[in-house]
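# Architecture at a glance
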Amino acid sequence: MLPRNEPHPEIDVLIGEIADMAPLPVVAVRVLEIADGQQFSAHELSQAIAADQALTAKVLRLSNSAYYGFPRRITTVRDAVVLLGFRAVRSATLASCVIETVPGGKVLDAMQAWRYSMVVGLLAEVLARASKRHQDEAFTAGILLNIGRLALDQHRPARLAEAKRIAEERGVPAAEAEHEVFGFTSSDLGGALALHWNFPPALAEVVARHQLDLNALPDPESLSAYVIRARMFARAASITDGFESPLSRLGPSAWDDAPVQKQMTQSGGLDGILERVDAFLVSADIRR
């Protein structure tokens, strides 16, 4: 039963602080309620986004950016949903809302941290498309990956800096250092925060589990496994949030499978993914 590996009273205190200072926008909650495949879901999604003028402007700016590379100018949210697809616009909307709600603090560079999360999300999406499983949730799961650490950066920066120092000086995993300092990990907090924001339990579970060893998961084809593989791939490519160290090597993995390689090629390889991520972050106007 997740998201917590170990109950800790400070998690409840932090959730209360975050809820008071940075509640998830109402439009994000509404977008979460709109499931792909519902009758008129595209219309409902368009209406939900259009109700927020600032978000509408952001979605249209993103829709016309290099992130999508769509040749025709998109002028309405409904056009964005029709031309780019329900799943794409829904995922981008949720990503924009979460990034705005948890922008980062003093220890992490916000641009670097969100770049890492987005790369993981797009890599998880590659695995999902290759297997035709978890395609609706993969990108969003990656985006949510680091919300716990970013929240600690906002609300407990001195102790997060201490955990970072311990991880670097002792060469221990980030989760081990976090647990020593806080009594819980950033993934524990992130999973609880995702549930508090009413994200589906499956997504909260991914956030709570993403620092586990892949072999600790009962299902190697679960959404959690895809995100962990994506996270390892990113770190092996020296893409991190600035807190965790890169991996020296990846080793044999699912990334060598032909269906996955095909999806990576269609995504433009890692360079293509990085270009899309940078386009998104510029559109989202993230600042440290």
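Residues numbered from 1 in each chain as written. Predicted model: local features only at pLDDT ≥ 70, side-chain atom pairs only at ≥ 80, totals over all residues. Heavy atoms only, no water.

### Thoughts on the packing of aromatic side chains
One pass over the full model with this rule turns up four aromatic pairs. Seen from their ring centres, Tyr-67 and Tyr-68 are 4.8 Å apart, and the 80° between their planes marks the pair as edge-to-face. For Tyr-67, a relative accessible area of 6% gives the class buried. The interplanar angle of 70° and the centroid separation of 5.2 Å between the aromatic rings of Tyr-67 and Phe-280 together place this pair among those described as edge-to-face. Taken together, the residues span a long stretch of sequence, with Tyr-67 in the loop between helix 4 (53-63) and helix 5 (77-84) and Phe-280 in helix 16 (residues 269-284) at a distance of 213 residues. Residue Phe-280 is classed as buried on the basis of its relative accessible area, which comes to 1%. Three or more aromatic residues joined by ring pairs form one cluster here, namely Tyr-67, Tyr-68 and Phe-280. Positioned above the aromatic ring of Tyr-67, the side-chain terminus of Arg-276 is 4.3 Å from the ring centre. (Phe/Tyr/Trp six-rings, centres within 6.5 Å; stacked < 30°, edge-to-face > 60°. Buried < 20%, exposed > 50% of the residue type's maximum accessible area, 1.4 Å probe, protein only. Helix = DSSP H or I, 4+ residues; strand = E, 2+ residues; numbered from the N terminus. Lys NZ or Arg CZ within 6 Å of the ring centre and 35° of its normal.)

### A look at helix 9 (residues 147-155)
Burial analysis of helix 9 places eight of its nine residues in the buried class, the great majority of the element. Those residues of helix 9 that fall on the buried side of the exposure criterion are Ile-147, Gly-148, Arg-149, Leu-150, Ala-151, Leu-152, Asp-153 and His-155.

### Quick notes on the pattern of salt bridges
Per the counting criterion, the structure on display carries 19 salt bridges. Put simply, Arg-156 and Glu-10 hold a salt bridge, and the shortest N to O gap is 3.0 Å. Here Glu-10 lies in helix 1 (residues 9-21) and Arg-156 lies in the loop between helix 9 and helix 10 (157-170), a separation of 146 residues in the sequence. The burial state of Arg-156 is the same as that of Glu-10; both residues are buried. Note that Asp-278 and Arg-115 form a salt bridge whose closest N and O atoms lie 2.9 Å from each other. Placement of Asp-278 in helix 16 and of Arg-115 in helix 7 (residues 110-131) is noted, with a sequence separation of 163 residues between them. You can call Asp-278 partly exposed: its relative accessible area is 33%. (Salt bridge = Lys/Arg side-chain N within 4 Å of Asp/Glu carboxyl O.)

### What about the side chain of Thr-185?
Residue placement: Thr-185 occurs in the loop between helix 11 (174-182) and helix 12 (186-196). In this structure, Thr-185 is in contact with Ala-175, Glu-178, His-179 and Gln-211, ignoring residues within four places of it in sequence. (Contact = heavy atoms within 4.5 Å.)

### Let's talk about the packing of helix 5 against helix 6 (residues 86-101)
For any two helices packed against each other, one specifies the inter-axial angle together with the distance between the axes. The contact between helix 5 and helix 6 brings their axes to 6 Å, and the two run at 125°. The orientation of helix 5 relative to helix 6 falls into the category oblique. Residues Ala-80, Val-81 and Leu-84 of helix 5 touch helix 6, and the partners they reach there are Phe-86, Ala-88 and Val-89. Looking at the contact of helix 5 with helix 6, its residues break down into six nonpolar, no polar and no charged. (Axes fitted to C-alpha atoms, helices over the stretch in contact; angles between N-to-C directions. Parallel < 35°, antiparallel > 145°, perpendicular 65-115°, else oblique. Nonpolar A, V, L, I, M, F, W, Y, C, P; charged D, E, K, R; others polar.)

### A look at the packing of helix 10 against helix 11
Where helix 10 contacts helix 11, the axes come no closer than 8 Å and their chain directions differ by 135°. By the angle between their directions, the pair helix 10 and helix 11 is classed as oblique. Note on packing geometry: the crossing formed by helix 10 with helix 11 is right-handed. Across from Arg-159, Leu-160, Glu-162, Ala-163, Ile-166, Ala-167 and Arg-170 in helix 10, the residues of helix 11 making contact are Ala-174, Ala-177, Glu-178, Glu-180, Val-181 and Phe-182. Of the residues belonging to the contact of helix 10 with helix 11, the class tally is eight nonpolar, no polar and five charged. (Left-handed = near helix turned anticlockwise from the far one by under 90°.)

### Here's the deal with the layout of surface pockets
Considered as a void within the structure, the largest pocket measures approximately 550 Å³ in volume. In terms of lining residues, the largest pocket is bounded by 27 residues, among which Arg-231, Met-232, Arg-235, Glu-244 and Leu-247 are the most central. Those elements giving two or more residues to the lining of the largest pocket turn out to be helix 10, helix 11 and helix 14 (223-236). Residue contributions to the lining of the largest pocket peak at five residues, all from helix 14. Of the residues contributing to the lining of the largest pocket, the split by class is 14 nonpolar, six polar and seven charged. There is about 330 Å³ of room inside the second largest pocket. Forming the boundary of the second largest pocket are 14 residues, of which Tyr-68, Leu-84, Ala-88, Glu-125 and Arg-276 lie nearest the centre. (1 Å grid on protein atoms, 1.4 Å probe; cavity = no way out; pocket = protein on both sides within 12 Å on 5 of 7 lines; lining within 4 Å. Points joined across faces, edges and corners; volume = space filled by probe spheres on them.)

### Section: unusual backbone geometry
For Asn-198, which is not glycine, the phi dihedral falls at a positive 70°. Structurally, Asn-198 is set in the loop between helix 12 and helix 13 (201-209). Of note in the backbone geometry, Ser-238 takes a positive phi value of approximately 65° without being a glycine. With respect to the helices and strands, Ser-238 occurs in the loop between helix 14 and helix 15 (258-266). Judged by relative accessible area, Ser-238 falls into the exposed class, the value being 52%.

Treat this as a map of the structure, not an account of what it does.
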